[in-house]
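# Chain and residue survey
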Amino acid sequence: MTQLPQSILFACDHNAVRSPMAEGIMKRLYGTETYVQSVGVMNDLEIDGFAIAACKEIGVELERHRSRSFEEMEEMGEMLSGFDLVVTLSPASQRRALELTRYYHIKIEYWPIMDPTGIGETREQKLNAYRQTRDQLVKRLKDTFTD
């Protein structure tokens, strides 16, 4: 287990499922002890309804989340160099984060968290896949950080 970083950025492909879930869960677990944000390689999707539902079950609210890309984050004045740790949740976000931080001293970690999109036929099967992703994130966060 490691100490909480002062600031952490979660990244995935679209900032619509895994990274907003990680951001919300991190905030729920550790409150204001660390600054937490999330981004995607692209911003072409809104927050996923199943991600909202799965997180709501554990008291994490995602309804107000607005997806954004790495570029939009920097356009809004938040620089990647300001984060102590970037946790990537997809191979594409890992490549992009490494590319964008090659001149910075920022720790990049890849967490292979399941992408639940496209899994299951029925609503309940789909929701179960999102619950698995949520639970993987909760476990990884609790196993990784001490407060």
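Residue numbers here run from 1 along each chain, matching the order of that chain's written sequence. Side-chain atom pairs in this predicted model are given and counted only at pLDDT of 80 or more, local residue features only at pLDDT of at least 70, and totals for whole chains, interfaces and linings cover all residues. The basis for every side-chain value is the complete set of non-hydrogen atoms in the structure, without hydrogens or water.

### Some points on the nonpolar core
Rule in force here: Buried Ala, Val, Leu, Ile, Met, Phe, Trp, Tyr and Cys residues that are joined via side-chain atoms within 4.5 Å together make up what is termed a nonpolar core. Note on exposure labels: buried denotes an accessible area under 20% of the residue type's maximum, exposed denotes more than 50%, and partly exposed covers the range between, all computed with a 1.4 Å probe on protein chains only. Secondary structure follows DSSP: runs of H or I at least 4 residues long count as helices, runs of E at least 2 residues long count as strands, and numbering of each begins at the N terminus.
Ranked by internal contacts, the top residues of the largest apolar core, which has 30 residues, are Phe10, Met26, Leu89 and Phe145. Secondary structure elements with two or more residues in this core: β2 (7-12), α1 (18-30), α2 (49-56), β4 (85-88) and α5 (123-144). Membership of the second largest hydrophobic core comes to 11 residues, among which are Val39, Met73, Ala97 and Ile108.

### Describing the packing of aromatic side chains
Our working definition: Only centres within 6.5 Å qualify two rings of Phe, Tyr or Trp (six-membered ring in Trp) as a pair; their planes then separate them into stacked at under 30 degrees, edge-to-face at over 60, and tilted for everything else.
Overall, the coordinates contain 5 aromatic pairs when judged by the stated rule. When the ring of Trp111 is compared with that of Phe145, the centres are 6.4 Å apart and the planes differ by 45°; the resulting orientation is tilted. Of this pair, Trp111 sits in the loop between β5 (107-110) and α5 while Phe145 sits in strand β6 (residues 145-146), and the two are 34 residues apart along the sequence. In textbook terms, an aromatic cluster arises when at least three aromatic residues are bridged by ring pairs, as seen for Phe10, Tyr30, Trp111 and Phe145.

### Section: the pairing of β5
Stated formally: Strands pair, by our definition, only if DSSP identifies at least two bridges between them. By definition, the crossover connecting two strands over a helix is right-handed if that path, from the first strand to the second, turns clockwise as seen with the strands pointing away from the viewer.
Both β4 and β5 contribute to a ladder of 4 bridges, which runs parallel. Note that in β5 the partner of Val87 across the bridge is Glu109. One crossover worth recording links β4 to the parallel β5 by way of helix α4 (residues 91-100), and it is right-handed.

### Describing the pairing of strand β3 (residues 35-40)
Summarising burial for β3: 5 of the 6 residues are buried, a large majority. Here β2 pairs with β3 via 6 bridges, running parallel. Looking across to β3, one finds that Ser7 is bridged to Tyr35. Taking the sense of rotation as the criterion, the β-α-β connection linking β2, α1 and β3 turns out right-handed.

### Topic: unusual backbone geometry
One can expect most non-glycine residues to show negative phi and most peptide bonds to be in trans. With a phi angle near 55°, Asn15 is a residue other than glycine that sits in the positive phi range. Looking at where Asn15 falls in the secondary structure, it is placed in the loop between β2 and α1.

### Considerations on the environment of Pro20
Worth spelling out the cut-off: Two residues qualify as a contact provided that any one of their heavy atoms is within 4.5 Å of a heavy atom in the partner residue.
Along the polypeptide, Pro20 turns up in helix α1. Taking the C-alpha atoms as reference points, Pro20 and Ile106, separated by 86 residues in sequence, lie 21 Å from one another. Setting aside residues no more than four positions away along its own chain, Pro20 makes contact with Asn15, Ser38, Ile47, Leu62 and His65.

Any functional reading would require information that these geometric values do not contain.
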